Number of protein chains: 2
Amino acid sequence: MKAEIITIGDEILNGQIVDTNSAWIAQRLAPLQIHLVQITSISDTKTAIIDALTNAAERANLIIVTGGLGPTKDDVTKHAAATYFNTTLINDTKVLEHVRGIFRNAGFEEMPAMNVHQADVLANAKILFNDVGTAPGMWVAKDGKFFAFLPGVPFEMKFLIENRVIPELSGIKSETTVHNAYILTTGIGESHLADRIADIEEDLPEHIHLAYLPKIGMVKLRLTAVGNNQSILEEETQLFVERIVSRVGKHVLATEDIGFEEVLVKRFTEAGCTLATAESCTGGAIASLITSVPGASAMFNGAVVAYANAAKMHMLGVEEETLKSFGAVSESTVRQMAEGAKSHLGTDYAIATSGIAGPGGGTAEKPVGTVWVAVAGRQATEARVFYFKNDRMVNIERSVTASLQMLWDLFQKEQ
Amino acid sequence: MKAEIITIGDEILNGQIVDTNSAWIAQRLAPLQIHLVQITSISDTKTAIIDALTNAAERANLIIVTGGLGPTKDDVTKHAAATYFNTTLINDTKVLEHVRGIFRNAGFEEMPAMNVHQADVLANAKILFNDVGTAPGMWVAKDGKFFAFLPGVPFEMKFLIENRVIPELSGIKSETTVHNAYILTTGIGESHLADRIADIEEDLPEHIHLAYLPKIGMVKLRLTAVGNNQSILEEETQLFVERIVSRVGKHVLATEDIGFEEVLVKRFTEAGCTLATAESCTGGAIASLITSVPGASAMFNGAVVAYANAAKMHMLGVEEETLKSFGAVSESTVRQMAEGAKSHLGTDYAIATSGIAGPGGGTAEKPVGTVWVAVAGRQATEARVFYFKNDRMVNIERSVTASLQMLWDLFQKEQ
């Protein structure tokens, strides 16, 4: 089945918020063999909404609309949808009681008048009851097409997708099926990787497509097979996965759809190894990434974010003399930070970062983007300097990836 | 001027990556009075690309295309664009030499053969030279419309927008002008806020639009004025900002377009106050958010991410007896963590979090989503428990916002 997402609201178009909903929805649709063909972000005007619905329904069977269901006046989605479907809005008593209940539970005596309209639903819709918020979802089936209208608040949208939309979808049959397989590689660029496996790619049949998904320091390969027999697709794809892995084996981190941080948590846990971080320029971003993985507590003891020099000394045992002679952004400091984190937090491995993320703080000798990274392991401590030269967020992101890469290399070497 | 963004590539449609490029571009276009009317994410097929270009050119004057310029076979953007413009591709010698140079500098003797095609450019395009990567950008002016083709890698895209596209745009005149004003509020829900300022909203003229941008624990108001005289728009909008601020004053955090973390960094720095965090369930996410703000080093000393109990004791001075009697997720522990962070990191304020982010680790007594937060200030330490009940990422995100909110309240009280 082909699907499209329409997101409604100026906040995405103005760059106020990043649309994280669509990626989350795409990941949830994949196991149902529902393939996203377009995401369209539009303004909350009646014309834009009606045009987007019309165009999406020409390309896809399932149209998921998020956003534009709030109580305030800038939300016109329901009125536009009523026009599109040539139907009306009716005030649902069960929904209205639920909305009133939410305000009562929050300690308000009276519900603001405008919230009455949150219980307005399309007359042709099945209500997707929203237990966790005031805006009800709606499900419309029309001319073989399905439309889901959901609030844009991520938590409410997620609740409705999992508890209302997926059960609806499970009842609908699809003709074609899609199978995805993944190979996560590191230490080899996109072009060199493509060169190395060019003949394997040539052998791919029409219905299996290979995509290169490069990230900083990594390339994820995705094989997408489309057909009508799930188990045949899986078998066919698996043969190509095996050929690619045997060709570029040492660069392969994983043959599942996981990120670098998940690989690390998994391998460290399997090996019974623990990790700590001592972060200056990355400000906790490495710890935050590692602890975003469920089960990270099995291998991650903790971190010290040592922004101030005093913190580097008191919390990590960096010597005052080192900071005075070489500065905070130096090989000596970062080595002491890594070794300090390892001993203070009692781990097998530790990562340390110290650099100038920018925009301020650069000097002629140590310009913005200069980052020292050290990794301390069971036997050795290794340090390296990087010159990233980008903006603050990119410098932090690159430092995080470089750190994980160095940790992975040392961990592999010491196993 | 009206603009649209087209992002090309399956990685967004598959949910592999979140499209952060579009929000970044939108923020860069705003000061040039360029208004984004649609973002369209499509697959890298020739048909989808040609359709998207055709439709976008009907609505907008500026079309920015990102992605689909890599060297591998799954990138067909340039061929599709050549068909759309009814032109051909030519191999540019200056670009080719640049691409070869990048491989030489990376220590490769020979460039992979497929990279030769990275120097292929549209015959009708002006080259947007890409100093920081192998894929050149392209600029096409046709029938009063402007098209920019840029690589999807965020770092390269950003370089080209700032150094190539914005200079091109600065040369183009626009008829209408847009002015945005912002009010960031906290501690009042969207509906109640709307109720409180309903009469002010009624008074808005046709050309000034008010949008409610709710986030967890906050609502950002945006007034967008469209007209042809920038200074008149600014004056008109300012009057409404002042009316709203005088109405809901105590809930106003800022009257600029900044986030909560930026408000905190600014106000703490102005007050000469310093901050530390002691994070268990948030895993460094608070430190990471605070340190994402340029200049945070003026008020942020550091953090301890204390995942393991040993780390809570050794790095923060939490008593073993407390952990044994009440557990890591308890008021007593979180209070000791906050006070420990304050004294160990020598700050005026500290935040501490301890909770069960999930999916594992919940018990009947302390289910997944149970989070204790403490804030220690100059005079008092306050603690509160929250029951979030969501998935791991949302529980972490809500804990972060709740922590900042509690810190802000205590900070206000103690000033």
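Everything numeric in this text was worked out from a predicted model, so none of it was measured.

(A) Representation of the overall build of chain A within the structure. When its secondary structure is counted, chain A shows 15 helices and 17 strands. Dimensions along the principal axes, computed over C-alpha positions, put chain A at roughly 75 × 60 × 40 Å. Within chain A, buried positions represent 57% of all 415 residues. Counting only contacts in chain A whose residues sit at least 6 apart along the sequence, the fraction spanning at least 24 positions is 67%. Counting only carbon and sulfur atoms, one obtains 50% of the accessible surface of chain A, whose full area is about 16600 Å². Once the 35 positive and 49 negative side-chain charges of chain A are each reduced to a mean point, those two points are 1 Å apart.

(B) View of the relation of the copies chain A and chain B. With an RMSD of 0.1 Å, the fit of chain A onto chain B corresponds to turning through 180° and sliding 0.0 Å along the axis. Read as a symmetry element, the transformation amounts to a two-fold axis. Interface overlap between copies: 100% of the residues of chain A at the interface are likewise at the interface in chain B, consistent with a symmetric, same-surface contact.

(C) Inspection of the pattern of salt bridges at higher detail. Residue and element names in this part refer to chain B. Summed over the entire model, instances satisfying the criterion amount to 28 salt bridges over all chains. Among the ionic pairs, R59 bridges to E4, the shortest N-O distance being 2.5 Å. One end of the pair, R59, is in helix α3 (residues 46-59); the other, E4, is in strand β1 (residues 2-8), with 55 residues separating them in the sequence. Its relative accessible area of 0% is what places E4 among the buried residues. In this structure, E256 and K266 form a salt bridge, with 2.4 Å as the shortest nitrogen-oxygen distance. With E256 in the loop between β12 (252-254) and α10 (260-271) and K266 in helix α10, the pair connects residues that are 10 residues apart, well separated along the chain. We classify E256 as partly exposed; its relative accessible area is 33%. Residue classification places K266 among the partly exposed residues on the basis of a relative accessible area of 35%.

(D) Structural view of the interface of chain A and chain B. Each partner contributes to the interface: chain A provides 86 residues, whereas chain B provides 87 residues. Across the interface of chain A and chain B, roughly 6800 Å² is buried in total on both sides, 56% from carbon and sulfur atoms. If you sort the residues of chain A by the area they bury against chain B, Q16(A), Y307(A) and M315(A) come out on top, with a joint share of 9%. Where chain A packs against chain B, one counts two salt bridges. Across the pair R222(B) and D10(A) runs a salt bridge whose closest N-O atoms are separated by 3.6 Å. One can count 20 residue pairs in polar contact (both at pLDDT 80 or more) joining chain A with chain B. One ladder, built from five bridges, connects strand β2 (residues 35-42) of chain A with strand β2 (residues 35-42) of chain B; its direction is antiparallel. The residue bridging Q38(A) from the neighbouring strand is I42(B), located in β2(B).

(E) Here's a closer look at unusual backbone geometry. A cis amide bond links G358(A) to the next residue, P359(A), at an omega of 0°. Within the fold, P359(A) resides in the loop between β15 (349-355) and β16 (370-376).

(F) Seen up close, the sheet that holds strand β11 (residues 218-227) of chain B. All names here are of chain B. With antiparallel pairing, the four strands of this open sheet are ordered in space as β10-β11-β9-β12. At either end of the open sheet lies a strand with only one pairing partner, and these are β10 (208-215) and β12. Across the sheet, the axes of successive neighbouring strands diverge by a mean angle of 30°, strand direction being ignored. In terms of strand pairing, strand β9 (residues 177-186) meets β11 through 10 bridges, oriented antiparallel. When the bridges of β11 are listed, L184 appears paired with K220. Strands in contact with α10 are β9, β11 and β12; relative to β12, the strand with the most contacts, it is inclined by about 80°.

(G) Main features of the sheet that holds strand β11 (residues 218-227) of chain A. Residue and element names in this part refer to chain A. Strand order in the open sheet formed by four strands is β10-β11-β9-β12, with antiparallel pairing between adjacent strands. Since the sheet does not close on itself, it has two edges, and those belong to β10 (208-215) and β12 (252-254), each with one partner. Each adjacent strand pair in this sheet contributes to an overall mean axis angle of 30°, direction not counted. Packing against the sheet, helix α10 (residues 260-271) makes contact with β9 (177-186), β11 and β12, and its axis sits at approximately 80° to β12.

(H) Highlighting the packing of aromatic side chains. Across all of its chains, the model carries 24 aromatic pairs over all chains by this definition. Stacked on the ring of F129(A), the Lys or Arg K94(A) has its end atom at 4.6 Å from the ring centre.

(I) Broad picture of the pairing of strand β1 (residues 2-8) of chain A. Residue and element names in this part refer to chain A. Where burial is concerned, most of β1 is hidden: six out of the seven residues are buried. Pairing between β1 and β2: seven bridges, direction parallel. Bridged to I5 within β2 is I39. As judged from the five bridges shared by β1 and strand β3 (residues 62-66), these two strands associate in the parallel manner. Directly across from A3, in β3, lies its bridge partner L62.

(J) Representation of the domain arrangement of chain A in the model. The domains assigned to chain A are domain 1 (2-170), domain 2 (177-254) and domain 3 (260-414). With centres defined by C-alpha atoms, the gap from domain 1 of chain A to domain 3 of chain A works out at 43 Å.

(K) Quick look at the packing of α10(A) against helix α15 (residues 392-414) of chain A. All names here are of chain A. Contact geometry for α10 and α15: axes closest at 11 Å, N-to-C directions at 30°. Here α10 lies roughly parallel to α15, going by the angle between them. Every pair of crossing elements has a handedness; the one defined by α10 and α15 is left-handed. Judged by residue contacts, F260, V263, L264, R267, F268 and A271 of α10 engage L404, Q405, L407, W408 and F411 from α15. For the contact of α10 with α15, the class distribution of residues is nine nonpolar, one polar and one charged.

(L) Examining α10(A) more closely. All names here are of chain A. In this model, α10 (12 residues) spans 16 Å end to end at C-alpha, consistent with the 16 Å of a helix rising 1.5 Å per residue. Every buried residue belonging to α10 is among F260, E261, V263, L264, V265 and F268, and all of these are buried. Remark: G272 follows α10 within two positions and exhibits a positive phi of approximately 65°.

(M) Region of interest: the pairing of β16(A). Residues and elements named next belong to chain A. The element β16 is extensively covered by neighbouring structure, given that seven of its seven residues are classed as buried. The alternating pattern of β16 places T370, W372, A374 and A376 on one face and V371, V373 and V375 on the opposite face, and all of these are buried. Bridging between β15 and β16 involves six bridges; their strand directions are antiparallel. Each residue of the ladder has a partner; that of T353, found in β16, is V373.

(N) Highlighting the side chain of H98(B). All names here are of chain B. For H98, the location among the structural elements is in helix α5 (residues 93-105). Overall, the relative accessible area of 18% leaves H98 in the buried class. At 2.7 Å, the side chain of H98 and the backbone oxygen of N130 are in polar contact. Leave out the neighbours within four places in its chain, and H98 touches F129, N130, D131 and G133.

Reading guide: rules and limits
Residues numbered from 1 in each chain as written. Chains lettered and ligands numbered in written order. Predicted model: local features only at pLDDT ≥ 70, side-chain atom pairs only at ≥ 80, totals over all residues. Heavy atoms only, no water. Helix = DSSP H or I, 4+ residues; strand = E, 2+ residues; numbered from the N terminus. Buried < 20%, exposed > 50% of the residue type's maximum accessible area, 1.4 Å probe, protein only. Contact = heavy atoms within 4.5 Å. Areas by Shrake-Rupley, 256 points an atom, 1.4 Å probe, with all protein chains shown as cover. Lys, Arg positive; Asp, Glu negative; His and termini not counted. Charge placed at Lys NZ, Arg CZ, Asp CG, Glu CD. Least-squares fit on C-alpha atoms with pLDDT ≥ 70 in both. Salt bridge = Lys/Arg side-chain N within 4 Å of Asp/Glu carboxyl O. Buried area = accessible area lost by both parts, 1.4 Å probe. Polar contact = N/O pair within 3.5 Å; in protein donor to acceptor, adjacent residues only side chain to side chain. Pairing = 2+ DSSP bridges. Axes fitted to C-alpha atoms, helices over the stretch in contact; angles between N-to-C directions. Phe/Tyr/Trp six-rings, centres within 6.5 Å; stacked < 30°, edge-to-face > 60°. Lys NZ or Arg CZ within 6 Å of the ring centre and 35° of its normal. Domains from an automatic or database assignment. Parallel < 35°, antiparallel > 145°, perpendicular 65-115°, else oblique. Left-handed = near helix turned anticlockwise from the far one by under 90°. Nonpolar A, V, L, I, M, F, W, Y, C, P; charged D, E, K, R; others polar. Expected span 1.5 Å × (residues − 1).

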